[in-house]
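# Residue-level structure breakdown
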Amino acid sequence: MIRLRTYAGLSFLATLAVIYHAFSSRGQFYPATVYLSTSKISLVLLLNMCLVLMLSLWHLVKLVFLGSLREAE
């Protein structure tokens, strides 16, 4: 099974690639943001990055408030 750190890294690279493609293929900010909000692939990648951020935040909250849990807990 893929680890969260690897999944987050790959998701981050894919998100950066789609944002770079949007801003390099369209010269201005507004057309690039319209492309990012209307293209299905870019929406999937951006929403995937949001999921990764929420999972990472969940792990951080769990670590701060619960500490390291054993398997039985």
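Everything here concerns the structure above.
Below: a short report on this structure. Predicted model only: the values in this text are computed from it and were never measured.

## Quick word on the packing of aromatic side chains
- In this structure the tally under the stated criterion is 1 aromatic pair.
- Sitting over the face of the ring of Tyr-35, Arg-26 holds its NZ or CZ atom 4.1 Å from the ring centroid.

## Side note on the environment of Ser-11
- Inspection of the secondary structure puts Ser-11 in helix H1 (residues 4-25).
- Between the C-alpha atom of Ser-11 and that of Ile-41, which follows or precedes it by 30 residues, the distance is 13 Å.
- Setting aside its immediate chain neighbours within four residues, Ser-11 contacts Asn-48, Met-49 and Val-52.

## Quick word on H1
- Its 22 residues give H1 an end-to-end C-alpha distance of 31 Å, which sits within 8% of 32 Å, the value for a rise of 1.5 Å per residue.
- Of the residues making up H1, those classed as buried are Ala-8, Ser-11, Thr-15, Val-18 and Ala-22. Seen end-on, H1 carries its buried residues on one side only, within an arc spanning 100°. H1 presents Arg-5, Leu-10, Leu-13 and Tyr-20 as exposed residues on the side facing more than 90 degrees away from its buried surface.
- In the core, the buried residues of H1 are packed alongside helix H2 (29-38) and helix H3 (40-66).

What counts as what
- Residues numbered from 1 in each chain as written.
- Predicted model: local features only at pLDDT ≥ 70, side-chain atom pairs only at ≥ 80, totals over all residues.
- Heavy atoms only, no water.
- Phe/Tyr/Trp six-rings, centres within 6.5 Å; stacked < 30°, edge-to-face > 60°.
- Lys NZ or Arg CZ within 6 Å of the ring centre and 35° of its normal.
- Helix = DSSP H or I, 4+ residues; strand = E, 2+ residues; numbered from the N terminus.
- Contact = heavy atoms within 4.5 Å.
- Expected span 1.5 Å × (residues − 1).
- Buried < 20%, exposed > 50% of the residue type's maximum accessible area, 1.4 Å probe, protein only.
- Arc of directions from axis to C-beta.

Without other data, these values stay purely geometric and don't point to any function.
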